[in-house]
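# Geometric and topological summary
Here is how the chains run, residue by residue.
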Amino acid sequence: MATMPITQIFSKRGVPVPAKDVLVYEPLPEPFRIQVIHIWTTTLGRAQDHDPYGFHPPLSFSAWQYVASTLARELGMVRISKSDNPFGQAGDFLLNQQRPIKQQLDLIQLSFQVIDQHLRENYWEFEQRGHATQTPDDAIEELNHRFLEHGLGYEYAHRQIVRLDSTYQHAEVIKPALTIINNKTFRNAQTEFLDAHEHYRHGRYEESINEALKSFETTMKIICHEKGWKYNEADQAKTLIKIVLTNGLVSPSFQTQFHGLAQLLESGTPTTRNKMGGHGMGVQTRVVPSYMAAYALQTAAANITLMVSAFEDRS
């Protein structure tokens, strides 16, 4: 299948990729947005309103019509631009500097979900009818390269754009958690963890904390269910930690270290939710800072990875 490699042109040779922990989140530079449109062109195509092969409706047009109409509906707009062509609407929207960055990311995420799923399932037809010259995997790889190339703290993974507060934290903590729970057994935990990322990206930090900790608790409940260990659906983290420890989730030689970890979990993740996001707001407005949500995400991710790794090792 066709590919679209990253070309090291003369002006870029010798220019280092931004330092791993120096990431920015806005604005999305115009060259980056134009590069995204180029990826659109080589995957879904430009949404011509007629099909020279006689099929109706054209695949490309239908795909972009879905993207444009879905985004308009979700944002409460009649249409996302004045263009009559849905590909043109998406391009106008992305290049419009007045649009909030969150909405621009909404469009990129939606379009790449279509590339990731619809194009992947119908790639032969897209390729044969002259729309696609770049595979979904190559397109996703290029998008993530462009994010990094421009020092932007985002990545498309698991059909979502996730925010990277640090590429080191993402690579060493977040990504392993997403990878290890990417199976049918832990599907509910993964859904909650991805929801936590989505809330975080939109600045809904209290909701992000709640979803991260729900994912952590769900992981332990799934392990208990799979192992046949007695627990209640209403059990919270402290109780669940005691159950998995009592039932020897880890080797006895690691009990001391794991009890220390249990204390960290009880004072870290669960307490964060109880104090910041698990109860009513009351009279005073509660503001959850972004760094607290980031901590909850990272702590939950590390704990989930440890739990599932131990579960799989013993299985």
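Above this note sits the structure.
Description of the structure in this document. By convention here, each chain's residues receive numbers from 1 onward along its written sequence. Restriction of local features to residues with pLDDT of at least 70 applies here, the model being predicted, together with a cutoff of 80 or more for giving and counting side-chain atom pairs; totals for whole chains, interfaces and linings are based on all residues. Hydrogens are left out, water is left out, and the side-chain values use all remaining heavy atoms of the structure.

## Notes on the side chain of Gln-190
The condition is simple: In this description a helix means any DSSP run of H or I spanning at least four residues, a strand means any run of E spanning at least two, and both kinds are numbered starting from the N terminus. Between two residues, a contact is recorded if the distance between any of their heavy atoms is within 4.5 Å.
Here Gln-190 lies in helix α8 (residues 187–201). Ignoring sequence-local partners within four residues, the contact set of Gln-190 consists of His-158, Leu-178, Ile-181 and Asn-182.

## Concerning the packing of helix α9 (residues 205–227) against helix α10 (residues 237–246)
Here is the rule we go by: Lines fitted to C-alpha atoms define the axes, with helix axes restricted to the stretch in contact, and inter-axis angles between N-to-C directions lie between 0 and 180 degrees. Helix crossings get a hand from a simple test, with the near helix turned counterclockwise from the far one by less than a right angle marking a left-handed crossing and a clockwise turn marking a right-handed one. Classification used: nonpolar for Ala, Val, Leu, Ile, Met, Phe, Trp, Tyr, Cys and Pro, charged for Asp, Glu, Lys and Arg, polar for all others including Gly.
Two elements in contact, α9 and α10, have axes whose closest approach is 10 Å; the angle formed by their N-to-C orientations is 35°. You can see that α9 and α10 cross each other, and the crossing is left-handed. Contacts from Phe-216, Glu-217, Met-220, Lys-221 and Cys-224 in α9 reach Ala-237, Leu-240, Ile-241, Ile-243 and Val-244 in α10. In terms of residue class, the contact of α9 with α10 is made up of eight nonpolar, no polar and two charged.

## What to know about the packing of aromatic side chains
Inclusion rule: Two rings belonging to Phe, Tyr or Trp (six-membered ring only in the last case) form a pair when the distance between their centres is within 6.5 Å. Interplanar angles under 30 degrees mark stacking, angles over 60 mark edge-to-face geometry, and anything in between is tilted. Relative accessibility under 20% of the residue-type maximum defines a buried residue, over 50% an exposed one, and the middle range a partly exposed one, all with a 1.4 Å probe and only protein chains included.
Taken as a whole and judged by the stated rule, the model has seven aromatic pairs. Taking the centre distance of 6.0 Å and the plane angle of 50° together, the rings of Phe-147 and Tyr-154 count as tilted. With relative accessibility at 0%, the residue Phe-147 sits in the buried group. The exposure class of Tyr-154 is buried, given its relative accessible area of 7%. A connected cluster of aromatic rings, assembled from ring pairs, spans Phe-32, Phe-147 and Tyr-154.

## Some points on the nonpolar core
Threshold: To form a nonpolar core, buried Ala, Val, Leu, Ile, Met, Phe, Trp, Tyr and Cys residues must be joined to one another through side-chain atoms within 4.5 Å.
Membership of the largest hydrophobic core comes to 42 residues, with the highest contact counts inside it found for Trp-40, Ile-108, Phe-112 and Leu-143. Those elements giving two or more residues to this core turn out to be α1 (30–43), α2 (59–75), α3 (86–95), α4 (101–121), α5 (123–128), α6 (136–149) and β1 (154–157). Apart from residues lying up to four places away in sequence, Leu-143 is in contact with Phe-32, Val-36, Ile-39, Ile-108, Phe-112 and Tyr-156. Core analysis: the second largest hydrophobic core is formed by 41 residues, Leu-178, Met-220, Leu-249 and Ala-301 among them.

## Regarding the pattern of salt bridges
The condition that has to hold: One side-chain nitrogen of Lys or Arg within 4 Å of one carboxyl oxygen of Asp or Glu is enough to make a salt bridge.
Considering all chains together, one arrives at seven salt bridges under this definition. As a salt-bridge pair, Glu-142 and Arg-146 come within 3.1 Å of each other at their nearest N and O atoms. One end of the pair, Glu-142, and the other, Arg-146, are both in helix α6, four residues apart, so they sit about a helical turn from each other. Side by side, Glu-142 and Arg-146 carry an identical accessibility label, which is buried. Residue Lys-214 is joined to Glu-211 by a salt bridge in which the shortest nitrogen-to-oxygen separation is 3.0 Å. Residue Lys-214 and its partner Glu-211 are located together in helix α9, separated by three residues, close to a single helical turn. Under the relative-accessibility criterion, Glu-211 is labelled buried at 13%.

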